[in-house]
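# Close look at the chain arrangement
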Amino acid sequence: MKNSRRQFVKNSALLIPAVRYVNLPAKEGSGKPVVVSTWDSGVIANAAAWPVLLDQGRAIDAVEQAGIAIENDINCCVGLGGNPDRDGYVTLDACIMDDQANCGSVAFLERIKHPVSVARKVMEETPHVMLVGIGAQQFAVEQGFPLEPQTLSPEAEKAYKKWLLDANYEPVINIERTQSKKGKGPYAPARFDDGSFNHDTMGTIALDGGGALSGMCTTSGMGFKMRGRVGDSPIIGSGLFVDNEVGAAVATGQGEEVIRVSGCHLVVELMRNGRTPQEACEQAVERIIKRDREKARSFQVAFIALGKNGSIGAFAVQKGFNYTISNGEIEGQVVDAKSFFG
Ligand code: ASP
């Protein structure tokens, strides 16, 4: 089976040219690097991405490092420390995209610590864009990623047991709340005292010194979701989009609402049509709210965007969304985003 699968990938590669990723150094001096990440846990992501950019590295390497750092952080909401689905399994989604529209994505991936790096392998080593479920896991193992134990972090286990008490299936996420008083460390805790999260997704977009844009998005998705549910985060055009002529955008929040408007593609297209990153994020959020203003009061969606010239925008449905900027003048600065509903 394994061999025939490998054979299939080889054969398909003959039919569809595989994306060959060429590891070129960034061109020097044509621009000022910038990295922007969703949420205040973006401090962790930016701290991993920024040295790559400072070293004249490529934006694609910087955003992958951001994803790895945040997937390593057991206190964060993404990666194997995240909340499980309603059957008790942690399932991960991630994607990555570079300045040449090369992209890779994994969804419904279990027991693999770094979905962002598997997504990059999909981009580099296969003729495909997206692998899901057991197939994504098999590919990851073939690529040398260890299969981790199928366990929950102590915090996730606590939250799951609590959820099981009434197992209420209410997929409402990202409604911001007052942060836990127990919060310590360089950023506010992703998890509250009762085990719930205030967000589940980390996205990073970056511009390198050579003028190349790239982005990544990684998540454990909505906590206690239906088994098999996939949100916007691994979907190129919804959770992430990069167009090197224009800009890049990444989303967080209720994935279903982002998918309905192809959120990040929409933001980038608005920028192509002359909107600033800020205006583009605002108009994309307004498009989502316009569908059903009353429903929009009960969920969060937020976008961050980065223009080709390094300009930044962010906007959210609800207040409480923040994001983190590093650009040489400021490093790891957390900024509160404006929102539609004050
Ligand atoms: N966008 C993620 C999803 O829908 C969740 C989140 O950002 O909170 O899976």
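Heads up: the structure comes first, above all this text.
Right, let's walk through the structure included here. Please read these numbers as outputs of a predicted model, since none were measured by experiment. (Residues numbered from 1 in each chain as written. Predicted model: local features only at pLDDT ≥ 70, side-chain atom pairs only at ≥ 80, totals over all residues. Heavy atoms only, no water.)

## Here's the deal with the overall build of the protein
- Along the protein, the regular secondary structure elements total 10 helices and 13 strands.
- For the protein, buried positions account for 56% of its 342 residues.
- For the protein, contacts bridging at least 24 residues in sequence account for 66% of all contacts bridging at least 6.
- Put simply, the protein shows about 14,600 Å² of open surface, and 52% of that area lies on carbon and sulfur atoms. (Helix = DSSP H or I, 4+ residues; strand = E, 2+ residues; numbered from the N terminus. Buried < 20%, exposed > 50% of the residue type's maximum accessible area, 1.4 Å probe, protein only. Contact = heavy atoms within 4.5 Å. Areas by Shrake-Rupley, 256 points an atom, 1.4 Å probe, with all protein chains shown as cover.)

## Considerations on the pattern of salt bridges
- By the definition in use, this model includes 17 salt bridges.
- Salt-bridge contacts for K158 lead to E155; the nearest nitrogen and oxygen are separated by 3.9 Å. With K158 and E155 both in helix α6 (residues 154-166) and three residues apart, the pair spans about one turn of that helix.
- A salt bridge links E257 to R291; the nearest nitrogen and oxygen atoms lie 3.2 Å apart. A residue pair is termed long-range when its members are at least 10 positions apart, and E257 in helix α7 (residues 255-260) and R291 in helix α9 (residues 277-291) qualify at 34 residues.
- Overall, the relative accessible area of 4% leaves E257 in the buried class.
- Salt bridges here are not isolated pairs; linked through shared partners, they connect D61, E64, R120 and E124. (Salt bridge = Lys/Arg side-chain N within 4 Å of Asp/Glu carboxyl O.)

## So, the packing of aromatic side chains
- Going through the model one piece at a time under the given rule, you end up with six aromatic pairs.
- Where W39 meets F321, the ring centres are 4.9 Å apart and the plane angle is 85°; that geometry is what we call edge-to-face. Highlighted residues: W39 in the loop between β1 (34-38) and α2 (42-54) and F321 in the loop between β10 (312-318) and β11 (322-326), separated in sequence by 282 residues.
- Seen from their ring centres, F321 and Y323 are 6.3 Å apart, and the 20° between their planes marks the pair as stacked. In this pair, the class of F321 matches that of Y323, namely buried.
- Three or more aromatic residues link up through ring pairs in this structure, and these residues are W39, F321 and Y323. (Phe/Tyr/Trp six-rings, centres within 6.5 Å; stacked < 30°, edge-to-face > 60°.)

## Details of the sheet that holds strand β13 (residues 338-341)
- In space, the five strands of this open sheet follow the order β7-β8-β9-β10-β13, with mixed pairing throughout. In the strand order of this sheet, the two ends are held by β7 (240-243) and β13, each with one partner. Ignoring which end each strand starts from, the neighbouring axes of this sheet average 15° apart.
- Across three bridges, the pairing between β10 and β13 is parallel. Bridge pairing in β13 places F315 opposite K338.
- Contacting β7, β8 (247-253) and β9 (301-307), helix α8 (residues 263-272) runs over the sheet at an angle of about 145° to β8. (Pairing = 2+ DSSP bridges. Axes fitted to C-alpha atoms, helices over the stretch in contact; angles between N-to-C directions.)

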